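Here's the letter readout for the chains.
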Amino acid sequence: MNHPSHHPDRAQLYADMSPHHLTPLWEVLHALVPPQPQTPCVAALWTYADVRPFLMRAGAAITAQEAIRRVLILENPALRGHSAVTQSLYAGLQLILPGEVAPSHRHTQSALRFIVEGSGAYTAVDGERTTMQPGDFIITPSMTWHDHGHEAQDPMVWLDGLDIPMLRFFDAGFAENGSAAMQQIKTPEGTSLARFGHNMAPVRSSSPYGKTSPIFSYPYARTRDALHQLERDAPIDAWDGVKLRYTNPLTGGWAMPTLGTFMQRLPAGFKGQPYRQTDGAVFSVVEGSGIAYIESHHGKAQLKFGPRDHFVVPSWHTLRLSSSAGCVLFSYSDRPVHEALGIHREERLPA
Ligand code: 1HN
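Residues numbered from 1 in each chain as written. Predicted model: local features only at pLDDT ≥ 70, side-chain atom pairs only at ≥ 80, totals over all residues. Heavy atoms only, no water.

J.: What should I look at first to understand the overall build of the chain in this one?
T.: For the chain, the helix and strand inventory stands at eight helices and 23 strands. Here the C-alpha radius of gyration of the chain, 22 Å, is about what a compact globule of 351 residues would show, namely 20 Å. Out of the 351 residues belonging to the chain, those deemed buried represent 48%. A total accessible area of about 17100 Å² is found for the chain, and carbon and sulfur atoms account for 55% of it. Each charge class in the chain can be summarised by its mean position, and for the 29 positive and 32 negative side chains these summaries are 4 Å apart. (Helix = DSSP H or I, 4+ residues; strand = E, 2+ residues; numbered from the N terminus. Rg over C-alpha atoms; globule rule 2.2 N^0.38 Å. Buried < 20%, exposed > 50% of the residue type's maximum accessible area, 1.4 Å probe, protein only. Areas by Shrake-Rupley, 256 points an atom, 1.4 Å probe, with all protein chains shown as cover. Lys, Arg positive; Asp, Glu negative; His and termini not counted. Charge placed at Lys NZ, Arg CZ, Asp CG, Glu CD.)

J.: For this particular structure, what's the right way to read the site of the ligand?
T.: Every residue near the ligand is listed here: R69, Y90, Q94, H105, H107, R113, H146, H148, D160, L162 and I164. A distance of 2.9 Å is found between an oxygen atom of the ligand and a side-chain nitrogen or oxygen belonging to Q94. Between an oxygen atom of the ligand and a side-chain N or O atom of H107, the distance comes to 2.8 Å. Protein burial of the ligand: of its 330 Å² of free accessible surface, 83% is covered by the chains. Within the residue set of the shell around the ligand, elements represented by two or more residues are β3 (90–96), β4 (101–107), β9 (146–150) and β10 (156–162). (Near = heavy atom within 4 Å. Polar contact = N/O pair within 3.5 Å; in protein donor to acceptor, adjacent residues only side chain to side chain.)

J.: Would you mind going over the sheet that holds β9 with me for this structure?
T.: Paired through their backbone hydrogen bonds, the strands of a sheet run either parallel or antiparallel. Here we have five strands laid out as an open sheet, ordered β7-β6-β9-β4-β11, and antiparallel in their pairing. Both edges of this open sheet fall to β7 (128–131) and β11 (175–177), since each of them pairs with a single strand only. For this sheet the average axis-to-axis angle between neighbouring strands, irrespective of direction, equals 25°. In this structure, β4 lies alongside β9, joined through three bridges in antiparallel fashion. The residue of β9 that forms the bridge with H105 is H146. (Pairing = 2+ DSSP bridges. Axes fitted to C-alpha atoms, helices over the stretch in contact; angles between N-to-C directions.)

J.: Could you clarify how one ought to interpret unusual backbone geometry in this entry?
T.: In terms of backbone geometry, most residues other than glycine have negative phi values and most peptide bonds are trans. In this model, I68 sits at a positive phi of 70°, which is unusual for a non-glycine residue. For I68, the position within the fold is in the loop between α4 (64–67) and β2 (71–73). The phi angle at W316 is positive, at roughly 60°, despite the residue not being glycine. W316 gets classed as buried once you look at its relative accessible area, which sits at 8%.

J.: In this structure, what is going on with the side chain of S88? I would like to understand it.
T.: As for its position among the elements, S88 is in the loop between β2 and β3. Among the residues examined, S88 registers a relative accessible area of 14% and is labelled buried. For S88, the side chain forms a polar contact with the side chain of D334, separated by 2.5 Å.

J.: Can you help me understand a nonpolar patch on the surface in this one?
T.: Together, L25, V28, L29, L32 and V33 make up an exposed nonpolar region whose accessible area comes to about 440 Å². Structurally, V28 can be placed in the loop between α1 (8–17) and α2 (29–32). A residue is classified by how much of its surface remains accessible, and V28, at 36% relative accessible area, is partly exposed. (Patch = residues over 30% accessible without salt bridge, like charges linked within 9 Å, V, L, I, M, F, W, Y side chains within 5 Å. Salt bridge = Lys/Arg side-chain N within 4 Å of Asp/Glu carboxyl O.)

Rendered as C-alpha cells:
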C-alpha cells in the first residue's frame, strides 16, 4: 500500500530529490529503529581441525616478515569481505614460526591476543617482552609499539581480537611502522606484572597506558586456579557457570576500553540456562568440549565445540551453553562500549 508505485506523486518527489542527496525518512524509519536488534551477523563456528591446515599452508606460502602479520581472519559468514566477525569486532588466528619476527608497528586499534597453540614466542609492548603460553590473555594497548618474535620450537598460534570495525566506524584510525623490525627492550620481562599484578600498585604511578590496563599479560595458570577454586567452593551461576571478567587493577573496570574479556569454567554436566545480550561475543575454547545452542531471528544453530575451536555469538542471539565433560572458555565482546554509552542490555531467560 505504501509502496511508491501506489503513489506516483511520491515516487516523482523521491526521484526529484535524489540528485540533491535527500531521502525520505518515512520509507526507512522501521529499519532504522527496529523494535529489537536485527543484526545481519550470524552465529558461526571455526573448528581448529578445519583452520589449522590453512594456517600451516599460509606458513609455507608467506613469511611473517613479508605478511607483516600472518593472520587468517575469521569473517562472519554474513559479512564476507568486511574483515569483521561482528559489526564491531575483528577476530583472526595468527601464526608465527620459529625464527620469525612480526615487525614492530603501532596503531590506535587496541588488540588482544589469546594464546591457542604452542609456547615460547614473545610479544613486546612498549619495550617489555612477555613470553606467551596457551591460555594467556595479552593486551596491546592503543598506540603502543608491538612486535612478535619466536625463538623457541614449534609453530605458535594465537587469537587476535581487535576493535578494528569500531575505529573504522568512527574514522579514528592512525598507524605507524617502527624504525626497526624489533623494538628495543627497555624493561625486564615481568616488570609490569610485578608492579600491577599483585593487588598492589606503585605509590606514585599514573596509568602508563591510559584507559587500558597496565598489566599486559594475564597468565592462564592464575586464571585457571581461580576458576577451579570457585567451581569447588562457590555457587555455580545457572547461566554462566563460573565466569570472571579481566579487570584493570587501577580502576576495577574493564582491562581494555573497547573490548570486554572473560574466562569461564563450565563444570562437568553443566546445562546452562539461556540468555541474550546486546554485545556480540567471540569465544575461544581453551579446554574441554561442549555445545552452544543459539537462537535468533535467523533461526537455530547448535555448535559443538572442542579445544581450540572458535565461535561467534552475535548481538541479541539467545545462547545456552552445555558441557558434559566440563570446559574452559575465553571470550571477548564490545560490552565496555555498550556500557559507556548506556545501551547495554542483557536478558537472563528461564530454561
Ligand atoms: C595487528 O597489529 C596484529 O599486532 C594482528 O599482531 C592483527 C589486524 C589488523 C591490523 C593490525 C598484531 C591485526 C593487526
